[in-house]
Number of protein chains: 2
Amino acid sequence: MVKLKGFQKLTLTDQALQSWFNALQIGKPNVSAVSLKDASGRVLSEDLIAREDLPRFDKSAMDGYALKTADSVGASQFKPATFQLTENQEITSKQVRQVWTGNPIPKGANAVVMLENTRKYEGKIEVWSQLAPGDNVSKKGEDIKKGDVIAEAGVRLNPYHIGLAAALGYSQLKVVEKPKIAILATGNELAEVGTLLSGDLIYDSNKIMLSAVCRELGAETTDYGIAKDNVDEIADKIQKALKTQDAVITTGGTSVGGLDLVPDAVNKLGKPGVIVHGVALRPAMPTAIAMLEGKPVLILSGNPVAAIIGFEVFGRPMVCRLLGMSKTEPRPMLKATLARRVASALGRKTYVRVRVTLKGGEFYAEPVSAKGSGSISTLTQSNGFVIVPENREGVSEGETVIVHMFGSLEVAD
Amino acid sequence: MVKLKGFQKLTLTDQALQSWFNALQIGKPNVSAVSLKDASGRVLSEDLIAREDLPRFDKSAMDGYALKTADSVGASQFKPATFQLTENQEITSKQVRQVWTGNPIPKGANAVVMLENTRKYEGKIEVWSQLAPGDNVSKKGEDIKKGDVIAEAGVRLNPYHIGLAAALGYSQLKVVEKPKIAILATGNELAEVGTLLSGDLIYDSNKIMLSAVCRELGAETTDYGIAKDNVDEIADKIQKALKTQDAVITTGGTSVGGLDLVPDAVNKLGKPGVIVHGVALRPAMPTAIAMLEGKPVLILSGNPVAAIIGFEVFGRPMVCRLLGMSKTEPRPMLKATLARRVASALGRKTYVRVRVTLKGGEFYAEPVSAKGSGSISTLTQSNGFVIVPENREGVSEGETVIVHMFGSLEVAD
């Protein structure tokens, strides 16, 4: 294991995450009822149960005519059976009633003949096929039985869940309240976007980026501004955030053997404070995970890419836990052929940024390299991450890799 | 080609889409400026140009000491070069200044030695390695040059674009205004969700589902209610919608050889009206595409699954065009092994619903079957579509298929 000043040792990311979640006291999330219209993308807080059967009644699965099957025995195109058309709610022998897909089956009928297998002739209906009971009929409760679990607690609702809930008559759903996350940046060199920038300052880009990834997952974020490189100021802001927020994410003020202002500030505020500082992760080695008042505090690097990778490894699982999910929601994944060798350090998990293209039916992942590997532009030029595990030293050109996608796939014509 | 009453022939989906887009007069979308905070997920309306270099100045890529490389010639762990520590803005010969990652390089320095390759000893700094000019320095403009295109018009902004825009000092971005889409259901059998349901009525589930998929893509939807099975009532509602909306989507009132109330209503309203009615698509054959007043009108089946598949094939491309994209944004995709044979009809594009699981490093797609293939529950139980092309008659078990994912991947432990 690489020896570095300031870190006794680097902790494996899986171990770090485990220690963190063992320590954290994340309770059952709060619940709110939202209208169906606002429920898509939210996380279900309790199992959604069918309150009735679907279909609600026997209905036609086709456009055609409802009839008694006994009347169709032996019917064929060469020997049609002839029926009387009725509009009655109930049919009797040798009668048919026209039904469109979804219409209830009229009383007395036990099957539906498809329109294609019939002909209107001299005011009567000719049927060209023999039907069996239940043909082209969707039975009551065939899709869903009253009491069935439609979707489990912890599921992120998509438009189809919403549609199914509507079909079952739900107008509201109980979802997990959005966890509240404080975002704080530290650094004397930082200026807020929108302020006039002078001299050696740079614009803070991390708060807004971290806020966007949190909100994408379904959290609510509050901007706690920029703290100067001063332990007391940092501690004050974190303490204030803990009063109302469910978690705190900081960026900056943690390093490899250098200034560790944020870990120091967190340790000053209480126990256990920092749980792990320094992880076997590239980039994002200086990431620290902490707990104060039972709440998670995630201490990310000031380097934008390291902050994003640190969030990916620790922040996503944290937000998913706060949302009441039992597992971390995976990003979309795919397998691709690596277009060029990538290097990685043995003993560290390495996040490689790649651009995936679908070409001729095959997925190719081109590593995005840049002189400044800490530049956000390596993320905007990519659409996915390849995660090289700790026991690998690089991945060869032509190897198949799993890519975790965060951007739109490029489809070549 | 299958001959059906009511349809002279079924049009291939690609041809239908082509005819539609050739006819449509979709202009340049309207533009609005939104704050960075609200820009994630929106579509960029013009190329985003770097307004300055990134980095803004030569900066340190490491935690360490800035120095003149000439002073490090021949240095090694066994023969350290010794330096004086200074806090000055400019260094002179045999001086170093401490720098953290991201700090500007002090005047006079041309490289940075990593902290790991140094030692503080008796108030001086020992340097253990020989440096070359530029070592551990990120040069001004190395990541991005002023004038570079950061993201192209038509790109959907993700958190990383937002971060990069922030780093460049943007506090607002110009995005495409949300297209306005009217959603209308037709059918005497339908009741609005939230109303008391009686007799043979069913709850309308399609409007809210279609609205959710449109909003997921970045459109704004307006609910135009439920029209009775009456051409005039349907025509009135569509005409009203066209006054303020950019597109109209209807569900119900189009069938295979049966009632075609919506196509009839649309044709009553003007030219060209219906462009294609009846597509070689399973499910969703009765889908019709139309144009009124230069605006797209998408006529979907009343069957929920057929409505969703019709939207997938025609609605997604339509919304992407309205958003100013030159191509349809693909869903996340992956290749999976089909776990069970699926049937499909030669001559029709078939959308098969599957549930994809990642197990032992391999993706498996299990077709989701149900007695009622029109049931929304087949969508909530799936997480992706396999599209079987027109020239295939089924796909065998064990074949590799491309899955278009709409739900979260299931990761087996």
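This one's a predicted model, so the numbers in the text were calculated from it and none came from an experiment. All residue numbers here refer to positions counted from 1 along the written sequence of the relevant chain. Written order decides the labels, with chains lettered from A and ligands numbered from 1. The predicted origin of the model limits local features to residues at a pLDDT of at least 70 and limits the giving and counting of side-chain atom pairs to 80 or more, whereas totals for whole chains, interfaces and linings rest on all residues.

Novice: Whenever I open this one, the environment of B:Lys59 confuses me. Can you help?
Specialist: Residues and elements named next belong to chain B. Secondary structure follows DSSP: runs of H or I at least 4 residues long count as helices, runs of E at least 2 residues long count as strands, and numbering of each begins at the N terminus. When you line up the elements, Lys-59 lands in strand S3 (residues 59-60). Note: C-alpha distance between Lys-59 and Ser-138 (79 residues apart in sequence) is 5.2 Å. Contact between two residues is assigned when their C-beta atoms, built from the backbone, lie within 7 Å. Not counting residues up to four positions away in its chain, the partners in contact with Lys-59 are Gly-102, Asn-103, Pro-104, Ile-105 and Ser-138.

Novice: What should I look at first to understand the relation of the copies chain A and chain B in this one?
Specialist: We superpose the copies by least squares over the C-alpha atoms of residues that have a pLDDT of at least 70 in both of them. Once turned by 180° and shifted 0.0 Å along the axis, chain A lies on chain B with an RMSD of 0.1 Å. In symmetry terms, the pair is related by a two-fold rotation axis. If distances are taken from each C-alpha of chain A to the rotation axis, the shortest is found for A:Leu334, at 2.3 Å. Taken as a fraction of all interface residues of chain A, those also at the interface in chain B reach 99%, which identifies the copy contact as same-surface.

Novice: How do you make sense of unusual backbone geometry when you look at a structure like this?
Specialist: In terms of backbone geometry, most residues other than glycine have negative phi values and most peptide bonds are trans. The linkage connecting A:Leu54 with the following residue, A:Pro55, adopts the cis geometry, with an omega of -10°. Tracing the chain through its elements places A:Pro55 in the loop between strand S2 (48-49) and strand S3 (59-60). With an omega of -10°, the peptide bond running from B:Arg282 to B:Pro283 counts as cis. Within the fold, B:Pro283 resides in the loop between strand S19 (281-282) and strand S20 (288-292). A positive phi is found at B:Glu122, a non-glycine position, where the angle reads about 50°. Checked against the element boundaries, B:Glu122 lands in the loop between strand S8 (118-121) and strand S9 (124-127).

Novice: Help me out: how do you make sense of helix H4 (residues 231-244) of chain A in this one?
Specialist: For an α-helix, the turn length of 3.6 residues means that residues three or four places apart are oriented alike. All names here are of chain A. Expected span, for any helix, means 1.5 Å times one less than how many residues it has. Here H4 is 14 residues long and its end C-alpha atoms lie 21 Å apart, about the 20 Å a rise of 1.5 Å per residue gives. Those residues of H4 that sit buried are Val-231, Ile-234, Lys-237, Ile-238 and Ala-241. In a view along the axis of H4, the buried residues occupy a sector of 135°, so they form one face of it. With respect to the buried face of H4, the exposed residues turned more than 90 degrees away are Asp-232, Lys-243 and Thr-244. Around each residue's C-beta, the other C-beta atoms within 10 Å are counted; 20 or more make the residue buried, 12 or fewer make it exposed, and counts in between make it partly exposed. All C-beta atoms are placed from the backbone. Working note: the arc is built from the helix axis to C-beta atom directions.

Novice: What's the story with the nonpolar core in this structure? I'm lost.
Specialist: Only buried residues count toward a nonpolar core: Ala, Val, Leu, Ile, Met, Phe, Trp, Tyr and Cys, linked into one set through C-beta atoms within 7 Å. Core analysis: the biggest nonpolar cluster contains 260 residues, and A:Leu67, A:Val403, B:Leu67 and B:Val403 have the highest contact counts within it. B:Leu67 has contacts with B:Ser72, B:Phe83, B:Ile91, B:Val96, B:Ala109, B:Ala111, B:Val113, B:Val127 and B:Leu131, leaving out every residue within four places of it along the chain.

Novice: Help me out: how do you make sense of helix H1 (residues 13-23) of chain A in this one?
Specialist: Residue and element names in this part refer to chain A. Inspection of H1 places Thr-13, Ala-16 and Trp-20 among the buried residues, and these make up the whole buried set. Projection of H1 onto a plane perpendicular to its axis shows the buried side chains occupying an angular sector of 60°, all on one side. Those residues of H1 that are exposed and angled more than 90 degrees off the buried face are Gln-15 and Asn-22. In this structure, the buried side of H1 is in contact with strand S18 (272-277), strand S19 (281-282), strand S20 (288-292), strand S21 (295-300), helix H6 (304-322) and strand S23 (349-359).

Novice: Sorry, what's going on with the interface of chain A and chain B here?
Specialist: One frequent convention defines the size of an interface as the accessible area lost when the parts assemble. Taken together, the contacts link 78 residues of chain A with 77 residues of chain B. Secondary-structure elements contributing two or more residues to the side of chain A that touches chain B are strand S11 (149-151), helix H2 (159-167), strand S15 (202-203), helix H3 (206-217), strand S22 (333-338) and helix H7 (377-380) of chain A. It is H2(A) that contributes the most residues to the side of chain A that touches chain B, eight residues altogether. Residues are grouped as follows: Ala, Val, Leu, Ile, Met, Phe, Trp, Tyr, Cys and Pro are nonpolar; Asp, Glu, Lys and Arg are charged; all remaining types, including Gly, are polar. Of the residues that constitute the side of chain A that touches chain B, the class distribution is 39 nonpolar, 24 polar and 15 charged.

Novice: Which parts of the structure should I look at to understand the sheet that holds S18(A)?
Specialist: Whenever strands of a sheet pair, they do so through backbone hydrogen bonds, lying parallel or antiparallel. All names here are of chain A. Pairing in this open sheet of six strands is mixed, and the strands run S16-S13-S17-S21-S20-S18 from one edge to the other. Here the strands that pair on one side only, and so sit at the sheet edges, are strand S16 (220-227) and S18. The mean angle between the axes of side-by-side strands here comes to 20°, regardless of whether they run parallel or antiparallel. The rule for pairing is simple: two strands pair if DSSP sees at least two bridges between them. In this structure, S18 lies alongside S20, joined through five bridges in antiparallel fashion. If you follow Pro-272 over to S20, its bridge partner there is Leu-292. Set on the sheet, H1 makes contact with S18, S20 and S21; between it and S18 the angle comes to about 165°. As a rule, the C-alpha atoms of each element are fitted with a line to give its axis, helices using only the stretch in contact, and angles between N-to-C directions run from 0 to 180 degrees. Across the sheet, H3 is in contact with strand S13 (180-186), S16 and strand S17 (247-251); its angle to S13 comes to roughly 160°.

Novice: Just to check I follow, could you spell out the domain arrangement of chain A for this structure?
Specialist: Boundaries of every domain are those given by an automatic assignment or by a domain database. For chain A, the assigned domains read domain 1 (13-29 + 177-322), domain 2 (32-54 + 152-176), domain 3 (59-138) and domain 4 (333-411). Inter-centroid distance (C-alpha atoms) of domain 1 of chain A to domain 2 of chain A is 32 Å.

Novice: I tried to follow the pairing of strand S25 (residues 384-388) of chain B on my own but got confused; where do I start?
Specialist: Every other side chain in a regular strand lies on the same face of the sheet, so the side chains alternate between the two faces. Residues and elements named next belong to chain B. A large share of S25 lies buried, amounting to four of its five residues. Across five bridges, strand S23 (residues 349-359) lies against S25 in antiparallel orientation. Each residue of the ladder has a partner; that of Arg-353, found in S25, is Phe-385. Judged from the three bridges that link them, S25 and strand S26 (residues 400-405) form a sheet pairing that is antiparallel. Paired with Gly-384 across the strands is Met-405, a residue of S26.

Novice: Could you clarify how one ought to interpret the pairing of S21(A) in this entry?
Specialist: Residue and element names in this part refer to chain A. Within S21, five of the six residues are buried, which leaves the element mostly enclosed by the surrounding structure. Summarising the sheet, S17 and S21 pair through four bridges and their orientation is parallel. Within the sheet, the bridge partner assigned to Thr-251 lies in S21 and is Leu-300. Two strands pair when backbone bridges link them, and S20 and S21 are joined in this way by five bridges, in the antiparallel orientation. Paired with Ala-288 across the bridge in S21 is Ile-299.

Novice: Quick question: what am I supposed to make of the packing of helix H4 (residues 231-244) of chain B against helix H5 (residues 261-269) of chain B here?
Specialist: How two helices sit against one another is set out by the angle between their axes and by the gap between those axes. Residue and element names in this part refer to chain B. Close contact between H4 and H5 brings their axes to 8 Å; oriented N to C, the two are set at 60°. As far as their axial angle goes, H5 and H4 are oblique. The two elements H4 and H5 cross, and the hand of that crossing is right-handed. Along the contact surface, H4 presents Val-231, Ile-234, Ala-235, Ile-238 and Gln-239, while H5 presents Leu-261, Val-262, Asp-264, Ala-265, Val-266, Lys-268 and Leu-269. Working definition: roughly parallel below 35 degrees, roughly antiparallel above 145 degrees, roughly perpendicular at 65 to 115 degrees, and oblique for all remaining angles. The hand of a helix crossing depends on one turn: near helix anticlockwise from the far one by less than a right angle means left-handed, and clockwise means right-handed.

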